[in-house]
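Residue-level structural notes
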Amino acid sequence: ALFQPDAPPAPKGAIGLKLEVRDGKLLIAEAIKGAPGMKAGLKTGDVILKANDVKVKDFADVNDQMAVINEVTRHAPGQMVTLRIRRGDREQSVE
């Protein structure tokens, strides 16, 4: 495809989560009702550990946090993303 400067940007994926860093963790501050994240079972308070193969190695490192966020948003709407989360004392994967 040719570059078209007036073309709108390709849509980015969004899973309907508001994220924040709290106590050095990438935390779901809010799962938006009806959005893909909530439909997949993500909940407020879940800690995101990994998106696909991109892992948060150091929760205090903003670059690690942004790498995980970018891994989610680089996908087009409708593409599957696997998140590894911690909920309480348990870890689980959510698609």
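Before reading further, recall that the structure is shown in the block above.
A brief look at the structure comes next. (Residues numbered from 1 in each chain as written. Predicted model: local features only at pLDDT ≥ 70, side-chain atom pairs only at ≥ 80, totals over all residues. Heavy atoms only, no water.)

1. What about the overall build of the chain?
Note the threshold: The helix and strand labels rest on DSSP assignments: H or I over at least four residues marks a helix, E over at least two residues marks a strand, and numbering proceeds from the N terminus. Whether two residues are in contact is decided by their heavy atoms: any pair within 4.5 Å suffices. Per-residue accessibility takes into account occlusion by the displayed protein chains alone, with areas from the Shrake-Rupley method and a 1.4 Å probe.
Each helix and strand in the chain was counted, giving 2 helices and 6 strands. Sequence-distant contacts in the chain: of pairs separated by 6 or more residues, those separated by 24 or more amount to 39%. About 6500 Å² of surface is accessible on the chain, with carbon and sulfur atoms providing 52% of the total.

2. As for the pairing of strand 5 (residues 83–87)
Put simply, the rule reads: Two strands pair if DSSP finds at least two bridges between them.
As paired strands, strand 3 (residues 47–51) and strand 5 are joined by 4 bridges and run antiparallel to one another. Counterpart to Val 47 in the pairing with strand 5 is Arg 86. As paired strands, strand 5 and strand 6 (residues 90–94) are joined by 5 bridges and run antiparallel to one another. Across the sheet, Leu 83 pairs through a bridge with Val 94, a residue of strand 6. Here strand 5 folds back onto strand 6, and the loop between the two strands holds 2 residues, one of which, Gly 88, carries a positive phi near 65°.

3. Description of the pairing of strand 1 (residues 17–22)
With 6 bridges joining them, strand 1 and strand 2 (residues 25–31) adopt antiparallel strand pairing. Residue pairing for strand 2: Lys 18 is matched across the bridge by Glu 30. The antiparallel hairpin formed by strand 1 and strand 2 contains 2 residues in its connecting segment, where Asp 23 sits at a positive phi of about 50°.

4. What about the side chain of Glu 71?
Keep this limit in mind: Burial here depends on accessible area, computed with a 1.4 Å probe over protein chains only, as a share of the maximum for the residue type. Under 20% is buried, over 50% is exposed, and the range in between is partly exposed. In the analysis that follows, any N or O atom pair within 3.5 Å is treated as a polar contact, provided that within protein one partner can donate a hydrogen and the other can accept it, and provided that, for residues neighboring in sequence, both atoms belong to side chains.
You can see Glu 71 is positioned in helix 2 (residues 62–73). The exposure class assigned to Glu 71 is buried, which follows from its relative accessible area of 9%. Of the polar contacts made by the side chain of Glu 71, one reaches the side chain of Asn 52; its length is 2.8 Å. Excluding anything up to four places from it in sequence, Glu 71 contacts Ala 51, Asn 52 and Val 54.

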